[in-house]
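Geometric and topological summary
Residue-level listing of the chains:
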Amino acid sequence: MSALLHPPLPTPETFTLQGGCPVWVLRRSGPAIVSAKLWIRGGSGADPRGQRGRAQLLAGLLSRGCGDLSGEAMADLVEGLGDELRCEATEDGLLISLKCASADSAALLPLLHAMVLNPWLASDQISLERQLNLQALLRQREDPFQQAHDLLRHQLFGEGPYGHDPLGVEDELAALERPQLLEAAGRLGAEGAVLVITGQPPPQLPALLEPPAGPLWPTAPPLAAAGPGGRSIAALVSTELDTEQLVLMLGAATVCLADPRSVALRLLQCHLGVGMSSRLFVVLREEQGLAYDVGVHLPARRGAAPFVLHLSSSADRATEATTQLLEEWQRLLDQPLTTEEWQLALAKFRGLVATGRQTCGQIADRQALVLGHGLPWSYPDQASQQAEALDPEALWQAARSLLARPSLSLCGPAAALAAAERAWAAHPLGSSASALLS
Amino acid sequence: MVFSQDLVFSQDLVFSQDSEEIFPSPLAFQLDNGVQVVTVEQEQAPVVCLDFWCQAGSRTEAAEEYGLAHFLEHMVFKGSGQLAAGEFDRRIEALGGSSNAATGFDDVHYHVLIPPAAAPEALDLLLDLVLHPRLDPDDFGMEKQVVLEELAQSEDQPEEVAFQRLLALACPGHPYGRPILGDRRSLLDHDPQRMARFHRRRYQPGHCSLGMAGAVGDLDLEGLLASSPLAGLSPPDHQADAGLTAAGFMPLRLQSGRHDLRLPRLEAGRLLMAWSFPAAADLDAVAGADLLTTLLAEGKRSRLVQRLREDLRLVESIDLDLNVLEAGSLGLLEAVFDPGQAERVEAQISQVWQELCAAPPTEQELERARRLVANGYRFGLESASAVAGLTGHQGLWGRLAPLSHPLELLEAWSPERIRSEMVPLLDPGKACRLLVLPA
């Protein structure tokens, strides 16, 4: 039954740009390609109140004109070579991703510096990108999972930094104008940034990443510092929709990636929701036929990460689905994993690390996030070592300290909501929480 | 996700990349019973991917079998003569691996990602599971519930409902017009015996292939397969198959027309259009179609995106995808917009098409499309799963070729050839068009 430990990531080359941005380069054999990820701290979590949606709007605008190139000229350059340049905001950072053939990389890598130092933020491009984001925000409402997710997020994070979708809040996004974006662009890198390049990049990297003459982009390596927190008020929240299924999300705000207990949570996620041998899959799907899609959502965050069990089940099975989902959560609090469960979770944890290192893009993505959180390059391998040392008792302790008071979010037809609410009220996890119907 | 139903709901893998013109060489061989096997060595890969393919997609279903191809794919994981329900997953995942499966119109495949040292064991388990499914009646009843939940989940997504309607209207009487998941009534009616008959009929040596890619090393695949259930498969019983699936092998004749649909819970309007394109076997034409759809709708500077989103700001998004299928490929367009803009959106799409009829694309524009298609392909070759999938699929349909071959095909298309041979296929008058607005 024992799985093989994956080899650690090789030691990368590192250097620092004159402006202060650390660069990590991991050369790999295989196809002649380059993946570059520039991770800049300060994503949607840093949107000021009244300007929620600002980071994502800025992200979209960085590829709509910078330095000497208009948005069209940038697209002509990148698409003309057949390559890909994207920029998006997550809760904790702005991420610029370049994926290209090695032969093209000398022409494209200089764009990174121009994008962060000298974005155009042209008014007509602002109005276009803002309109697109508003439309996307509206369209998300078509998805019942998104609605349940939005409700739970608001329950767990309130009006705090993690309380809104990176796309923003409609009224606030609609009111964003060039001055606010200029201010946000001027602060890019102020909280730290890191660039990770994998694959087969060209020689003379420093000169491509920072023009020898000309202004520097001032930034610094991201430091480890406490990120945004969550709320620990357990409650039921719901929204009525005329759907076939009831969507259930049961979750709590937990800890940041840097917290040692995050490794325990990742193992619990492996146990409950990773793969077809996972506990939720076997019990709720294969043994009871309650759902097709069931799993655990646990993003890596710089602050309090949500730990969420999710399930969607036919409306007429709402009572059973709700009770079973609550029972699975309760089981985490009531008893440690069996030895067999624990070993299987560990094997999956190792497997995820290995399969998460198949492509240059996967490696660059993961390492940029880790370094962006102020953690060391070797963090993923250290976490693997830590995982080996966590026994069932330690996992149980982490569950009891972090998962004691979950909230439940529901989206579905009225009768199913009513049935699920009764099941929640009848369960110890629900009866101890305050009812808060929206 | 209209074209393939995954066994497990999963997020897309992070897409990958590549670029030099040195490709690994697939090694192909046939078992005595004719099963095609292909392996590709990728030194840098941390894992091995095994991918079993079978020509057992939804189009091979007879009238009383609707939904069975996909349902069987679920039931396969319920165990074999030797493996208890769930045992396969537990053993594969305990080895640090993972697995999944997906059913399409034409075929189904089952794949496993596994650390190299565990690949022989995974291969044994996979082949036993896929070729000797137990189809236990109790498991069958329970898994039926899971498939019904999958159906309900897709019916709650208005966009999926709209696409399914488009296909029904565009492909009447053809299996591509039916949902891969099947419908409630058929699903409720199925029993294990009917599924076993379908399995016997379709999971035959002439219908199967195996792809393997990644850190293959000195793994003796030929030796491992010699005594495997794959080598033990007996040749197909052609008589059993005669007539049953004739409809599935009819060439697709797309039904043009204009239709409207109102859907509740829709926040944005959709214009969906389907066109007929040459079948998968016509590799040259598929390459041309790929270039045309890319030229039209891939990236800010593509014709449709530039016109409708960037310049006129009529749409939130516009996509045009080529779905390569055995009985005839489909070009599928989706535009998303404020419902008030529907007429202008449609008029502009026609306008863009007419401009391409009047004058071929520029050489620069075609080169841009060529590079986008080529890089998309190259980037996709970085992961073991992508390569095992690609080569296993090629082996399944008798189209094995060097990995560089798709890139060579792109070079054969000039702007004038695109205009004369490909552009006419996209005539809006030949499309099946569905306008979807909020109820």
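1. Brief notes about the overall build of chain B
If you tally the helices and strands in chain B, you get 16 helices and twelve strands. Over its C-alpha trace chain B gives a radius of gyration of 22 Å, about what one expects of a compact globule, namely 22 Å for 439 residues. Its C-alpha atoms give chain B principal-axis dimensions of roughly 60 × 50 × 40 Å. The proportion of buried residues among the 439 residues of chain B is 52%. Taking the intrachain contacts of chain B between residues at least 6 apart in sequence as the baseline, contacts between residues at least 24 apart amount to 82%.

2. Some details on the environment of Asp-89 of chain B
Along the chain, Asp-89 of chain B turns up in helix 2 (residues 87-94). Asp-89 of chain B sits twelve residues away from Phe-77 of chain B along the chain, and the two C-alpha atoms are 7.7 Å apart. Setting aside residues up to four positions removed in sequence, Asp-89 of chain B forms contacts with Gly-275, Met-276 and Ser-277 of chain A together with Phe-77 and Ser-99 of chain B.

3. A short note on the domain arrangement of chain B
Residue and element names in this part refer to chain B. Along its sequence, chain B is organised into domain 1 (4-249) and domain 2 (257-390 + 397-438). When each unit is reduced to the centre of its C-alpha atoms, the spacing between domain 1 and domain 2 is 28 Å. Across the contact, 40 residues belong to domain 1 and 31 residues belong to domain 2. Contributing elements (two or more residues each) for the side of domain 1 that touches domain 2: strand 3 (36-41), strand 4 (48-54), strand 6 (108-114), helix 5 (158-170) and strand 7 (208-214). Top contributing element to the side of domain 1 that touches domain 2 by residue count: helix 5, with eight residues. Taken together, the residues that form the side of domain 1 that touches domain 2 break down as 25 nonpolar, nine polar and six charged.

4. What to know about the domain arrangement of chain A
Residues and elements named next belong to chain A. As assigned here, chain A comprises domain 1 (13-209) and domain 2 (235-435). The C-alpha-based centres of domain 1 and domain 2 are spaced at 29 Å. At the interface, 29 residues of domain 1 touch 30 residues of domain 2. Where the side of domain 1 that touches domain 2 is concerned, the elements lending two or more residues are strand 2 (22-27), strand 3 (33-41), strand 7 (93-101), helix 6 (144-157) and strand 8 (193-199).

5. Some remarks on the interface of chain A and chain B
Interfaces are frequently sized by the accessible area removed from exposure as the parts join. At the interface, 66 residues of chain A touch 61 residues of chain B. Taken together, the residues of the side of chain A that touches chain B sort by class into 24 nonpolar, 23 polar and 19 charged.

6. What about the packing of helix 10 (residues 283-297) of chain B against helix 16 (residues 415-422) of chain B?
Axis angle and axis distance: for two packed helices, these are the angle between their axes and the distance between the axes, and together they describe the pair. Residue and element names in this part refer to chain B. Two elements in contact, helix 10 and helix 16, have axes whose closest approach is 10 Å; the angle formed by their N-to-C orientations is 100°. Judged by the inter-axis angle, helix 10 sits roughly perpendicular to helix 16. On helix 16, the residues touching Gly-288, Ala-289, Leu-291 and Leu-292 of helix 10 are Ile-418, Glu-421 and Met-422. Of the residues contributing to the contact of helix 10 with helix 16, the split by class is five nonpolar, one polar and one charged.

7. Focus: the pairing of strand 12 (residues 306-314) of chain A
Residue and element names in this part refer to chain A. Of all nine residues that make up strand 12, nine are buried, and the element is covered over most of its length. As defined by bridge partners, strand 10 (residues 245-253) adjoins strand 12 across nine bridges and the pair is classed as antiparallel. Bridge pairing in strand 12 places Val-247 opposite Ser-312. Pairing geometry for strand 11 (residues 294-297) and strand 12, over four bridges, is antiparallel. Pairing of Gly-295 across the sheet is with His-310, part of strand 12.

8. Observations concerning the confidence of the model for chain B
Atomic detail in the predicted coordinates should be set aside for any region of low pLDDT. Residues and elements named next belong to chain B. Per-residue pLDDT for chain B averages 93, and the proportion of residues at 70 or more is 92%. Taken together, the stretch residues 9-20 has pLDDT below 50 and engages in 41 contacts with residues farther than four places along the chain or on a different chain. The ipTM value of the predicted complex is 0.95, and its pTM value is 0.95.

Parameters and conventions
Residues numbered from 1 in each chain as written. Chains lettered and ligands numbered in written order. Predicted model: local features only at pLDDT ≥ 70, side-chain atom pairs only at ≥ 80, totals over all residues. Helix = DSSP H or I, 4+ residues; strand = E, 2+ residues; numbered from the N terminus. Rg over C-alpha atoms; globule rule 2.2 N^0.38 Å. Buried ≥ 20, exposed ≤ 12 C-beta atoms within 10 Å, placed from the backbone. Contact = placed C-beta atoms within 7 Å. Domains from an automatic or database assignment. Nonpolar A, V, L, I, M, F, W, Y, C, P; charged D, E, K, R; others polar. Axes fitted to C-alpha atoms, helices over the stretch in contact; angles between N-to-C directions. Parallel < 35°, antiparallel > 145°, perpendicular 65-115°, else oblique. Pairing = 2+ DSSP bridges. pLDDT = per-residue confidence, 0-100.

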